[in-house]
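# Structural description and commentary
The lines below spell out each chain.
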Amino acid sequence: VQLQASGGGLVQAGESLRLSCAASTRFFMINDANWYRQAPGQQRELVAALSRDRTTYYADSVKGRFTISRDKAKNTMYLQMNSLEPEDTAVYYCNADGRIGTSRANAWGQGTLVTVSS
């Protein structure tokens, strides 16, 4: 199972982007959604998370600017990024815990590049 991420691009500081991530198969139901990012030369970090009970987590660096959400009907997760800063430049990866039938599964997206110019 894979996730298909999209929505990255080149923007100027202060602008917004929305990343989307959909499961490659309708048989994988997303329960817990996560967005990570990895900047050049740095470790991958968790940016935002949304659990099945709708509990959210945000890294301090993105609190108040990023919003994670999920559309259960479309089986798609999103990351709305506002007031982008050059420090947000990174490859963004979606990750999800879910189920295929009665089996638990975990899936990753291929990464989408976000570049924020100053």
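Relevant structure appears above.
In this report, the structure presented in the accompanying data block is examined. (Residues numbered from 1 in each chain as written. Predicted model: local features only at pLDDT ≥ 70, side-chain atom pairs only at ≥ 80, totals over all residues. Heavy atoms only, no water.)

## Remarks on the side chain of S20
Here S20 lies in strand 3 (residues 17-23). Every residue in contact with S20, bar those within four places of it in the chain, is listed here: Q4, A5, S6, W35, T76, M77 and Y78. (Helix = DSSP H or I, 4+ residues; strand = E, 2+ residues; numbered from the N terminus. Contact = heavy atoms within 4.5 Å.)

## Comments concerning the side chain of R37
Note that R37 resides in strand 4 (residues 28-38). Engagement of the side chain of R37 in a polar contact is seen with the side chain of D88, the distance being 2.9 Å. A distance of 2.9 Å separates a polar atom in the side chain of R37 from a polar atom in the side chain of Y92. (Polar contact = N/O pair within 3.5 Å; in protein donor to acceptor, adjacent residues only side chain to side chain.)

## Some thoughts on the state of the cysteines
If you walk through the whole model with that rule in mind, you get one disulfide. One disulfide bridge connects C21 with C94, the sulfur atoms lying 2.0 Å from each other. Its S-S torsion of about 65 degrees marks the bond between C21 and C94 as right-handed, since a negative value means left-handed. Residue C21 is found in strand 3, and its partner C94 is found in strand 9 (residues 90-100); the two are separated by 73 residues along the sequence. (Disulfide = S-S within 2.5 Å.)

## So, the sheet that holds strand 7 (residues 66-71)
Reading across the sheet, the four strands line up as 1-3-8-7 and stay open at both edges, with antiparallel pairing between neighbours. The sheet is open, and its two edges are formed by strand 1 (3-6) and strand 7, each paired on a single side. Across the sheet, the mean angle separating the axes of adjacent strands is 15 degrees when strand polarity is ignored. Inspection of the sheet shows strand 3 paired to strand 8 (residues 76-81) by six bridges, in the antiparallel sense. (Pairing = 2+ DSSP bridges. Axes fitted to C-alpha atoms, helices over the stretch in contact; angles between N-to-C directions.)

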